[in-house]
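Reading the structure
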Amino acid sequence: AHFRKRDVKTVMGGIHASMCPDEVARHVDAVVVGEAEETWPLLVTDAQAGNLKDRYTASAYPDVSLSKSPRYDLVKNRNYLYAYLQTTRGCPYDCNFCTVTKHNGRTLRKKTVDQVIQELDSVVRLRPTRRVPVDDRNGKRKTLVGTIAFIDDNLAIDRKHALAICRALKEYQENNGFIVA
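In this report, we go over the structure that sits alongside the text. What you see is a predicted model, and the numbers here were worked out from it, not measured in a lab.

A short note on the overall build of the protein
A tally of helices and strands in the protein yields 7 helices and 9 strands. Looking at the protein alone, contacts between residues at least 24 apart form 58% of all its contacts between residues at least 6 apart.

As C-alpha cells, this is what we get:
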C-alpha cells in the first residue's frame, strides 16, 4: 500500500499469490500465478514498456534441469546467515493438507547434481566475510563458509537423487577445504 500510494508498481507471486490470486490482486498491480520462469521475462518486458497486465499465469511447469543458476551476485547484502538452494520441485503425492501439488505439480522435477554444485559454488564464492577456520574430525584444517538451507518441499522424496546430491556436496567440500553447514 505504501508503494502504491507513491505510484510505484507492485507485483506479488509465490504460493499465496498462486493460491489466492483474487485476494492478492486487491493489494498489488500485478499477480504472478505459478512458477515464474515463463512469466517473469514477459512481466519485466511489459513493465519496461509501461504495459503491466493485472495477472501473469504460467501455462506449464518448467523443466528445472534447464533452469539457469540464480544471480546470487546481484544480492547486495552479503551478511545473510543462510543461502537457499532448491534441488527439486513437485511431488507425486496429493496430500489433502499440502499445496505443493497444486502449485508445483504432481511430477517430481529435479535439478542435476552439477546444477546444484554450480549454485552452491556461486554462493560460497560470494561469502568471503563469513569464513571461520575449524578442524574436521580427522584434524584437517577447513573453513566454515556459511550455511545452506535446502528449500525443497521434500528433499529425500527421491532417495537416489538426494544421496547423489549429498555425495556431491561432500566431495565439493573435501576438494575445496570448505565446510558448508
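Considering the nonpolar core
One finds L85, I117, L120, V123, V124, I148 and Y172 to be the most contacted residues of the largest nonpolar core, which totals 16 residues. Broken down by secondary-structure element, the contributors of at least two residues to this core are strand 4 (82-85), helix 6 (113-124), helix 7 (159-176) and strand 9 (178-180). Tallying contributions element by element places helix 6 first for this core, with 5 residues. Those residues in contact with L120, other than ones at most four positions away along the chain, are L85, I148, L169, Y172 and V180. In terms of nonpolar packing, the next biggest core, distinct from the first, is built from 5 residues, A17, V28, V31 and V33 among them.

Details of helix 6
With 12 residues, helix 6 should reach 16 Å at 1.5 Å per residue; the first-to-last C-alpha distance of 16 Å fits that figure. Among the residues of helix 6, Q115, V116, I117, E119, L120, V123 and V124 are the ones counted as buried.

Some details on the side chain of Q115
Along the chain, Q115 turns up in helix 6. If we skip the residues at most four places from it in the chain, Q115 touches V64, S65, L66 and S67.

Points about the layout of surface pockets
When its volume is computed, the second largest pocket comes out at roughly 160 Å³. Lining the second largest pocket, in full, are S18, M19, V33, G34, E35, T57, A58, S59, A60, Y61, K102 and H103. Going through the elements one at a time, helix 2 (15-19) and helix 5 (100-104) are the ones with two or more residues in the lining of the second largest pocket. Class assignment for the residues of the lining of the second largest pocket results in 5 nonpolar, 5 polar and 2 charged.

A few points about unusual backbone geometry
Despite not being glycine, D7 shows a phi value in the positive range, around 65 degrees. Position of D7 relative to the elements: it lies in the loop between helix 1 (2-5) and strand 1 (11-12).

Digging into the pattern of salt bridges
This structure, assessed with the given rule, holds 9 salt bridges. Here R89 ties to E35 by a salt bridge, and the two come within 2.4 Å at their closest N and O atoms. Of the two residues, R89 is situated in strand 5 (residues 88-89) and E35 in the loop between strand 2 (30-33) and helix 4 (39-48); the sequence distance between them amounts to 54 residues. For the pair R89 and E35, one class covers both residues: buried. The partner of E119 in a salt bridge is K111, with the nearest N and O atoms 2.8 Å apart. A relative accessible area of 3% places E119 in the buried class. Here K111 falls in the buried class, since its relative accessible area comes to 8%. Members of the salt-bridge network, linked through shared partners, are E35, E37, R89 and R109.

A short note on the sheet that holds strand 2
Strand order across the open sheet formed by 3 strands is 1-2-3, with parallel pairing between neighbours. Each having just a single partner strand, strand 1 and strand 3 (55-57) make up the two edges of the open sheet. When strand 2 meets strand 3, the two strands line up parallel, connected through 3 bridges. Counterpart to V33 in the pairing with strand 3 is T57. Along the sheet, helix 4 contacts strand 1, strand 2 and strand 3; its crossing angle with strand 3, the most-contacted strand, is approximately 155 degrees.

Focus on the pairing of strand 2
Residues A30 and V32 line one face of strand 2 and the alternating positions V31 and V33 line the opposite face, and both faces are buried. Both strand 1 and strand 2 contribute to a ladder of 2 bridges, which runs parallel. Bridge pairing links M12 to V31 in strand 2. Once the chain exits strand 2 it traverses helix 4 before rejoining the sheet at strand 3, and the crossover so formed is left-handed.

Criteria and cut-off values
- Residues numbered from 1 in each chain as written.
- Predicted model: local features only at pLDDT ≥ 70, side-chain atom pairs only at ≥ 80, totals over all residues.
- Heavy atoms only, no water.
- Helix = DSSP H or I, 4+ residues; strand = E, 2+ residues; numbered from the N terminus.
- Contact = heavy atoms within 4.5 Å.
- Core = buried A, V, L, I, M, F, W, Y, C linked by side-chain atoms within 4.5 Å.
- Buried < 20%, exposed > 50% of the residue type's maximum accessible area, 1.4 Å probe, protein only.
- Expected span 1.5 Å × (residues − 1).
- 1 Å grid on protein atoms, 1.4 Å probe; cavity = no way out; pocket = protein on both sides within 12 Å on 5 of 7 lines; lining within 4 Å.
- Points joined across faces, edges and corners; volume = space filled by probe spheres on them.
- Nonpolar A, V, L, I, M, F, W, Y, C, P; charged D, E, K, R; others polar.
- Salt bridge = Lys/Arg side-chain N within 4 Å of Asp/Glu carboxyl O.
- Pairing = 2+ DSSP bridges.
- Axes fitted to C-alpha atoms, helices over the stretch in contact; angles between N-to-C directions.
- Right-handed = clockwise from strand over helix to strand, strands pointing away.

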